[in-house]
Amino acid sequence: MSAAASCLLTEDQFLCCICLDVFTDPVSTPCGHNFCKTCITKHWDVNVPYQCPNCKKVFYTRPELQVNTFISEVAAHSSEQQVTKPGEVPCDICTGTKLKALKSCLVCLESYCETHLEPHLTRSALKRHQLIDPVENLEGRMCPKHDKLLELFCKTDQTCVCMLCTVLNHKTHDVVPLKEEYEGKKAELGKTDAEIQQMIQKRRLKIEEIKHSVELSKEDADRETADGVQVFTALKESVERSQAELIDTIKEKQRKTEKQAEGFIKELEQEISELKKRSTEVKQLSQSEDHLHLLQSFTSLNAAPPTKDWTEVTVHPPSYEGTVVRAVNQLEETLSKQMTKLFEAELKRVQQSAVDLTLDPDTAQTNLILSDDGKQVKHGDVRKKLPDSPERFDYCACVLAKQSFSSGRFYYEVQVKGKTKWTLGVARESINRKGDITLTPQNGFWTIWLRNENEYKAHADPAVRLSLKSRPEKVGVFVDYEEGLVSFYDVDAAALLYSFTGCCFTEKLYPYFSPCNNDAGKNSAPLIISPVNHTE
């Protein structure tokens with residue numbers, strides 16, 4: 001069936017008059033009218049005598065239906081051509097139901113469905129027309145000034161123009177064919193799409209990174225919860241055990257006191273019983289009129305029965321002083337052991353964030369002497385002649401690390417063995433580096449120091465004096481940027497020295513070191529950035 005043949009039929013000729021839709025299995029009645037096989041069959045199942053729904057001719061016996069192959073082919077061909085849906089370009093030639101356009105012609109400025117496109121594919125004159133994928137508003141492809149096709153691109157004004165525009169309005173401009181500019185822009189779009197795909201991939205990786213961070217956070221939370229439950233369970237059991245032992249100790253003392261008192265009372269009651277018995281015998285003898293009997297019994301009854309001297313006998317209440325204190329001390333020892341275990345576990349975790357640091361000579365005050373590997377710093381008596389750059393400290397004996405951090409966690413360890421003075425911590429990038437410096441968080445410093453051999457302080461506001469059980473020989477510094485946390489550890493003792501919490505970091509942070517002056521050789525030992533040996 002050709003497209004031309006299908007054009008000879010109207011749209012209504014493809015429709016069944018019963019269901020009003022395109023024929024499905026079309027059949028013809030003896031009177032020559034066509035219906036869907038199912039439609040006419042059902043119609044005659046309920047309507048007797050058999051009448052043609054179209055011409056009303058009556059058949060007294062049920063007619064034999066004949067398949068209409070011609071209409072079947074035409075209907076099939078018609079159904080292959082899609083009816084226009086919202087957002088699709090309709091055929092400009094179709095009347096009634098608009099079919100979906102397959103191509104648009106830039107010469108005719110019309111869009112065509114499959115049937116109406118055929119002349120452009122078969123006629124030699126129309127074959128030269130430029131066909132493109134169907135588009136709406138073909139009039140918009142015409143120059144509004146000259147009513148000519150927009151087939152050129154002015155690179156100077158970055159606009160589409162017609163041939164007449166190049167002569168009149170864009171004579172000296174850089175004008176190229178639309179296809180040339182199209183190819184260039186298409187290549188740019190390909191590059192843009194590649195960049196977009198790369199951005200999408202980066203964001204997918206970021207999603208995976210965030211999910212991984214959440215998983216790590218959950219693992220940390222679960223581990224911390226388990227450690228906390230273990231510690232508090234042990235502490236609770238210790239408290240309950242100490243309480244039970246305390247109560248048992250007090251009860252035992254009271255039991256001994258009561259037992260001693262019961263013994264004394266029993267002995268006293270026995271003596272009272274003997275004395276009462278003797279008293280009865282004495283009274284009976286004193287009332288006797290038998291002279292001989294009284295005289296013979298007098299000697300044995302006149303003297304009091306043997307008894308104990310109770311003058312110095314007392315029951316002393318037991319002493320409970322110190323019982324509770326000793327129990328609490330035992331609890332304190334238990335808690336101290338648990339705290340040590342916790343700090344060891346915590347130190348082991350923060351050591352996982354260890355970073356490799358080197359000192360920055362461009363920030364070092366001129367009295368400071370740095371080792372060649374940038375791992376040690378000490379104070380020298382001679383001030384070196386160095387350029388006074390904005391980065392350099394000019395008065396305070398301090399130096400920053402080359403490395404800075406603006407996110408995440410980092411940890412490093414510094415040996416302070418043999419020193420009588422030092423300051424360690426972190427500082428933000430914008431700190432004042434000239435003249436005397438006040439070490440406070442408000443000024444951008446989070447530090448602790450040692451002075452006078454045993455005076456340790458954290459430079460909070462106000463400063464906090466630290467009471468330490470032992471002098472640290474190696475200090476660990478841990479920073480969690482997002483958490484706003486700076487913690488200091490005695491590495492060898494696995495003890496927390498001090499923590500700055502709730503800090504708000506908005507700049508780069510640099511590790512900060514001050515060996516302080518050498519104090520006539522008393523403080524000549526260097527600060528040494530040490531490799532981290534993970535706590536076992």
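Above this text is the structure in question.
Note that the coordinates shown come from a computational prediction; the quantities given were computed from them, not determined experimentally.

Q: How would you summarise the overall build of the protein chain if you had to cite specific residues and measurements?
A: When you go through the protein chain residue by residue, the secondary structure sums to nine helices and 24 strands. The globule rule puts the C-alpha radius of gyration for 536 residues at 24 Å, and the 54 Å found for the protein chain is more than 25% above it. On the principal axes, the C-alpha backbone points of the protein chain span a range of 175 × 100 × 35 Å. Look at the contacts in the protein chain between residues 6 or more apart in sequence, and 56% of them connect residues 24 or more apart. As displayed, the protein chain has an accessible area near 33900 Å², and 53% of this comes from carbon and sulfur atoms. With 68 positive and 79 negative side-chain charges, the protein chain shows a separation of 3 Å between the mean positions of the two kinds.

Q: Tell me what's going on with the sheet that holds strand β10 (residues 159–161), and back it up with residues and numbers.
A: Ordered in space as β10-β9-β11, the three strands form an open sheet in which the pairing is antiparallel. Taken across any chain shown, the strands that pair with only one partner, and hence form the sheet edges, are β10 and β11 (175–177). Each neighbouring strand pair of the sheet contributes to a mean axis angle of 35°, computed without reference to strand direction. Sheet topology note: the strand β9 (residues 152–154)/β10 ladder contains three bridges and is antiparallel. When the sheet's bridge partners are listed, Leu152 is paired in β10 with Val161.

Q: Give me the lowdown on the nonpolar core, citing residues and values where you can.
A: Membership of the largest hydrophobic core comes to 38 residues, with the highest contact counts inside it found for Trp422, Phe500 and Phe513. Look past the residues within four positions of Trp422 in its chain and what remains in contact with it is Val416, Ile448, Trp449, Leu450, Arg451, Tyr456, Val475, Ser514, Cys516 and Leu527. By size, the runner-up hydrophobic cluster in this structure holds 12 residues, among which are Cys36, Trp44, Phe59 and Ile71.

Here is what the cut-offs are and how they apply
- Residues numbered from 1 in each chain as written.
- Predicted model: local features only at pLDDT ≥ 70, side-chain atom pairs only at ≥ 80, totals over all residues.
- Heavy atoms only, no water.
- Helix = DSSP H or I, 4+ residues; strand = E, 2+ residues; numbered from the N terminus.
- Rg over C-alpha atoms; globule rule 2.2 N^0.38 Å.
- Contact = heavy atoms within 4.5 Å.
- Areas by Shrake-Rupley, 256 points an atom, 1.4 Å probe, with all protein chains shown as cover.
- Lys, Arg positive; Asp, Glu negative; His and termini not counted.
- Charge placed at Lys NZ, Arg CZ, Asp CG, Glu CD.
- Pairing = 2+ DSSP bridges.
- Axes fitted to C-alpha atoms, helices over the stretch in contact; angles between N-to-C directions.
- Core = buried A, V, L, I, M, F, W, Y, C linked by side-chain atoms within 4.5 Å.
- Buried < 20%, exposed > 50% of the residue type's maximum accessible area, 1.4 Å probe, protein only.

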